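# Secondary and tertiary structure notes
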Amino acid sequence: MMTKRRKVSNLLALAILSAVVHRPMHPYEMAAALRGWNKERDMGIKWGSLYTVVGNMAKHGLIEEVESVREGRRPERTVYRITEAGREELVDWTRELLSVPHTESPQFRAGLSVMAAVAPDEVIRLLKGRLTLLDEEIRALRELYERDIADVPRLFLIETEYDLAILNAEASWVRALLEELAGGTFHGLREWRVFHETGEIPADMRELAEKKITDM
């Protein structure tokens, strides 16, 4: 199954569809619902683009205007409902996200890719700090999960289970890496230290790097 090119590809659109399938809403209500359902964490929502995304969704027929309402002295607000095309998009997009692995490039991966720029002992210190923060995040998230699971069906907390699994996996991997670095068993550690002690890239590492440089 291939990733589709969608008319509105911002994940905020998917979040909005998940809100208005519940009932018609104006944008302010959409934002309130998504915040209340913790969709900010799930979708990486940028609230500044809310009205632009809503407008694009309406343009492409995923939602449609129902009415405009005014409450007191507040500006008039347009209420939107999901269309049949929007329902189909919600289901199809969800199917894709569940079934098709997407290559993601988190910032930690980027940092690991240039880790050699920092001396080994400093990397050990930095990773220990990261591990402390990971453990704190795991503890806080688990407390929230255990609080909510008493009243909320697991179906609506499954993404939190995923977050915990990913965080625990990262913490375990960082611990193992720290053991190798601190124990001196990390392959290439000696050359890495030489580079930071002398400022010179060891000949074998330089040769390897040159082999990986390809003509464009």
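Above this text is the structure in question.
By convention here, each chain's residues receive numbers from 1 onward along its written sequence. Two thresholds apply to this predicted model, a pLDDT of at least 70 for residue-level local features and 80 or more for giving and counting side-chain atom pairs, whereas whole-chain, interface and lining totals are computed over all residues. Hydrogen atoms and water are omitted, and side-chain values are computed over all heavy atoms in the structure.

## Considerations on the overall build of the protein
For the protein, the count of helices and strands is 10 helices and 2 strands. The way it works is that DSSP assigns letters per residue, a run of H or I at least four long becomes a helix, a run of E at least two long becomes a strand, and they are numbered from the N terminus. Helices and strands in the protein line up, N terminus first, as α-α-α-α-β-β-α-α-α-α-α-α. C-alpha atoms define the radius of gyration, and 2.2 Å times the number of residues to the power 0.38 defines the globule rule. In summary, the protein has a C-alpha radius of gyration of 24 Å against a globular reference of 17 Å for 216 residues, an excess of more than 25%. Projected onto its principal axes, the C-alpha positions of the protein cover 70 × 50 × 40 Å. Per-residue burial for the protein yields a buried fraction of 31% across its 216 residues. The criterion used for residue contact is that any of the two residues' heavy atoms lie within 4.5 Å. Look at the contacts in the protein between residues 6 or more apart in sequence, and 61% of them connect residues 24 or more apart. Charge assignment in this entry is limited to Lys and Arg as positive and Asp and Glu as negative, and neither His nor the chain termini are counted. Throughout, a charge is located at the NZ atom of Lys, the CZ atom of Arg, the CG atom of Asp or the CD atom of Glu. Distance between charge centres in the protein, computed from 31 positive and 36 negative side chains, equals 4 Å. Under the scheme applied here, a residue whose accessible area is under 20% of the maximum for its type counts as buried, over 50% as exposed, and between as partly exposed, the area being computed with a 1.4 Å probe on protein chains only.

## Considerations on the pattern of salt bridges
Salt bridge, as applied in this entry: a Lys or Arg side-chain nitrogen positioned within 4 Å of an Asp or Glu carboxyl oxygen. Within this structure, the stated rule accounts for 17 salt bridges. Here Arg6 and Asp92 are joined by a salt bridge, their closest N and O atoms 3.1 Å apart. Residue Arg6 is located in the segment before helix H1 (11-20), and its partner Asp92 is located in helix H5 (residues 84-99); the two are separated by 86 residues in the primary sequence. Assessed through its relative accessible area of 11%, Arg6 is described here as buried. By relative accessible area, which is 17% here, Asp92 ends up buried. Here Glu137 makes a salt bridge to Arg41, at a shortest N to O gap of 3.4 Å. In this pair, Glu137 is assigned in helix H7 (residues 120-148) and Arg41 in helix H3 (residues 39-43), connecting sequence segments 96 residues apart. Residue classification places Arg41 among the partly exposed positions, given a relative accessible area of 45%. Look at the salt bridges and you will find they share partners, linking Arg6, Glu89, Asp92 and Glu96 into a network.

## Description of the nonpolar core
The nonpolar core is taken to be a set of buried Ala, Val, Leu, Ile, Met, Phe, Trp, Tyr and Cys residues, with the residues joined through side-chain atoms within 4.5 Å. By size, the foremost hydrophobic cluster in this structure holds 27 residues, and its most contacted members are Leu12, Ile16, Leu34 and Met57. Going through the elements one at a time, H1, helix H2 (27-36), helix H4 (50-59), strand E2 (77-82) and H5 are the ones with two or more residues in this core. It is H1 that contributes the most residues to this core, 8 residues altogether. With residues up to four places along the chain from it excluded, the contact list for Leu12 reads Leu34, Ile45, Lys46, Ser49, Leu50 and Val53.

## Quick look at the environment of Glu104
Here Glu104 shows up in the loop between H5 and helix H6 (107-113). By relative accessible area, which is 60% here, Glu104 ends up exposed.

## Digging into the packing of H7 against helix H8 (residues 158-183)
Helix axes use the C-alpha atoms of the stretch in contact, all axes being lines fitted to C-alpha atoms, and the angles between their N-to-C directions lie in the range 0 to 180 degrees. Relative to each other, H7 and H8 sit at 155°, their axes nearing to 9 Å. Taken together, H7 and H8 sit at an angle that is classed as roughly antiparallel. The element H7 and its partner H8 pack so that their crossing is left-handed. The residue makeup of the contact of H7 with H8, split by class, is 16 nonpolar, 2 polar and 9 charged. Should an angle fall under 35 degrees it is taken as roughly parallel, and over 145 as roughly antiparallel, whereas 65 to 115 is taken as roughly perpendicular and any remaining angle as oblique. The sense of a crossing depends on the near helix, which, turned anticlockwise from the far helix by less than a right angle, makes the crossing left-handed and, turned clockwise, makes it right-handed. Lys, Arg, Asp and Glu make up the charged group, whereas Ala, Val, Leu, Ile, Met, Phe, Trp, Tyr, Cys and Pro make up the nonpolar group; the residues left over, Gly among them, are polar.

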